[in-house]
Amino acid sequence: MYVLPKKGGRLIYSSLILKGENISQSYNGYTVLNNINCEFKKNTITLIKGKSGSGKSTLLHILSGLEKPKSGFVLYEGENIHILDEKQQAKIRGEKIGFIFQEFNLIPDLTVEKNILLPIELNKMHIDNEELNNLYKKLDISHLIKKNVRLLSGGEKQRVAIARALLKKPEILFADEPTGNLDAINTNAIVKMLEQIIIEQKLTLIVVTHEEKLFNLPYKEFELTNGILSECIKND
Ligand SMILES: Nc1ncnc2c1ncn2[C@@H]1O[C@H](COP(=O)(O)OP(=O)(O)OP(=O)(O)O)[C@@H](O)[C@H]1O
Ligand SMILES: [Mg+2]
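Residues numbered from 1 in each chain as written. Chains lettered and ligands numbered in written order. Predicted model: local features only at pLDDT ≥ 70, side-chain atom pairs only at ≥ 80, totals over all residues. Heavy atoms only, no water.

## Digging into the overall build of the chain
What the chain contains, in helices and strands, is six helices and 12 strands. Rg of the C-alpha trace for the chain: 18 Å, near the compact-globule value of 18 Å for 236 residues, within the 12% margin. Taken along its principal axes, the extent of the C-alpha atoms in the chain is 55 × 40 × 35 Å. Across the 236 residues of the chain, 49% fall into the buried class. A fraction of 67% describes how many contacts in the chain between residues 6 or more apart in sequence connect residues 24 or more apart. Separation between the mean location of the 32 positive side-chain charges and that of the 29 negative ones in the chain comes to 3 Å. (Helix = DSSP H or I, 4+ residues; strand = E, 2+ residues; numbered from the N terminus. Rg over C-alpha atoms; globule rule 2.2 N^0.38 Å. Buried < 20%, exposed > 50% of the residue type's maximum accessible area, 1.4 Å probe, protein only. Contact = heavy atoms within 4.5 Å. Lys, Arg positive; Asp, Glu negative; His and termini not counted. Charge placed at Lys NZ, Arg CZ, Asp CG, Glu CD.)

## Regarding empty space enclosed by the protein
The gaps of empty space that remain are located by a probe, the size of a water molecule, rolled over the atoms. In the structure shown here, the tally under the stated rule is one cavity of 30 Å³ or more. Space inside the largest cavity adds up to approximately 30 Å³. (1 Å grid on protein atoms, 1.4 Å probe; cavity = no way out; pocket = protein on both sides within 12 Å on 5 of 7 lines; lining within 4 Å. Points joined across faces, edges and corners; volume = space filled by probe spheres on them.)

## Things to note about the packing of helix α5 (residues 154-167) against helix α6 (residues 184-201)
Their axes nearest at 12 Å, the elements α5 and α6 cross at an angle of 5°. The angle between α5 and α6 falls in the class roughly parallel. Listed contacts from α6 to Arg 159, Ile 162 and Leu 166 of α5 are Asn 186, Ile 190, Met 193, Leu 194 and Ile 197. Among the residues making up the contact of α5 with α6, the classes are represented as six nonpolar, one polar and one charged. (Axes fitted to C-alpha atoms, helices over the stretch in contact; angles between N-to-C directions. Parallel < 35°, antiparallel > 145°, perpendicular 65-115°, else oblique. Nonpolar A, V, L, I, M, F, W, Y, C, P; charged D, E, K, R; others polar.)

## Some thoughts on the packing of helix α3 (residues 112-122) against α5
If you want to describe how two helices pack, look at the angle between their axes and the distance between the axes. Running from N to C, α3 and α5 point in directions that differ by 25°, and their axes come no closer than 8 Å. If you check the angle between α3 and α5, you find them roughly parallel. Regarding α3 and α5, the two cross each other, and that crossing is right-handed. Contacts from Val 112, Asn 115, Ile 116, Leu 117, Pro 119 and Ile 120 of α3 reach α5 at Val 160, Ala 163, Arg 164 and Leu 167. Here the contact of α3 with α5 is composed, by residue class, of eight nonpolar, one polar and one charged. (Left-handed = near helix turned anticlockwise from the far one by under 90°.)

## Here's the deal with the site of ligand 1
Taken together, Tyr 27, Val 32, Lys 51, Ser 52, Gly 53, Ser 54, Gly 55, Lys 56, Ser 57, Thr 58, Gln 102 and Glu 177 make up the full set of residues adjacent to ligand 1. The side chain of Ser 57 places a nitrogen or oxygen atom 2.8 Å from an oxygen atom of ligand 1. Contact with the protein chains covers 60% of the free accessible surface of ligand 1, which is 640 Å². Top element by residues in the shell around ligand 1 is helix α1 (residues 56-63). It accounts for three residues. For the shell around ligand 1, a count of residues per class yields two nonpolar, seven polar and three charged. (Near = heavy atom within 4 Å. Polar contact = N/O pair within 3.5 Å; in protein donor to acceptor, adjacent residues only side chain to side chain. Areas by Shrake-Rupley, 256 points an atom, 1.4 Å probe, with all protein chains shown as cover.)

## Observations regarding the coordination of the magnesium ion (ligand 2)
Coordination sphere of the magnesium ion (ligand 2), protein contribution only: Ser 57 (OG) and Gln 102 (OE1), at 2.0 to 2.2 Å. Of this pair, Ser 57 sits in helix α1 while Gln 102 sits in the loop between β8 (97-100) and α3, and the two are 45 residues apart along the sequence. The class for Ser 57 is buried, based on a relative accessible area of 19%. (Donors = N, O, S within 2.8 Å, 3.2 Å for Na, K, Ca; no water.)

## Brief notes about the packing of aromatic side chains
The final tally for this structure, using the stated rule, is two aromatic pairs. Ring centres of Phe 99 and Phe 101 lie 4.4 Å apart, and the angle between their planes is 25°; on these two criteria the pair is classed as stacked. An identical accessibility class is assigned to Phe 99 and Phe 101; each is buried. Aromatic pair Phe 99 and Phe 174: ring centres 5.8 Å apart, planes at 20°, arrangement stacked. In this pair, Phe 99 is assigned in strand β8 and Phe 174 in strand β9 (residues 172-176), connecting sequence segments 75 residues apart. Comparing Phe 99 with Phe 174, the two get one shared label, buried. Ring-pair connections join several aromatic residues into one group, and the members of that group are Phe 99, Phe 101 and Phe 174. (Phe/Tyr/Trp six-rings, centres within 6.5 Å; stacked < 30°, edge-to-face > 60°.)

## Here's the deal with the layout of surface pockets
The computed volume of the largest pocket comes to approximately 460 Å³. If you go around the largest pocket, you meet 20 residues; those closest to its centre are Arg 93, Gly 94, Phe 101, Pro 119 and Lys 168. Sorting the residues of the lining of the largest pocket by element identifies α2 (86-96), β8, α3 and α5 as the ones contributing at least two each. Per element, the largest residue contribution to the lining of the largest pocket is four residues, and it comes from α3. Residues of the lining of the largest pocket, tallied by class, amount to 11 nonpolar, six polar and three charged.

This is the structure we're talking about:
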């Protein structure tokens, strides 16, 4: 639980899991993110939209601790993830945070199975074989597990990247255009699966997508424009 400052002598507990404070990022003098403030509550869905090049992936990399902002902080359950020591950062990134990368980031020349299991093995986490097989079935990748990832289609790679991120049962899942390479049937199956995990495992989902009406569960929607993140008002 994230503990807010005392008010009237009592501690106030909130369901906040992640907070970005005054985050700015620039590359070669070009400002991509300009003083962004954002909060994410446990067990919620947040969509981030914006034009290509507007900084969506950059924001996700910073919020997940993968990239350090030029200025500002990211607080995970009240702790600044960029100043924790290496071991603590690795524990949060390894066990608590899942990331589905836009470019998949699979390790070439390893099989699908090795790619999916690698984070679990590196973090010395327990593998439940029944869960693993269920995940393969739900993502329709059972027939691919012995195949080298180099030989997969874009949509197959995307489903493998999703399996790898979900197997460790993260508390927060960052998903950077997770259905960008999928057909409607696979997109529906993955959205259903994510919604089930959100309900059953109290997952917090932060997702970059261009798709309209992806989720049936309630969600917040933000747009990133000129380095500024603004909440979209929904009319439904
Ligand atoms: N490591 C980096 N070094 C230099 N420039 C970078 C770096 N990372 C991102 N950029 C630049 O920052 C801008 C935002 O990139 P980013 O990948 O965050 O955009 P995006 O909104 O995710 O775009 P898309 O929808 O195409 O995926 C781009 O102009 C990109 O070239
Ligand atoms: Mg991107």
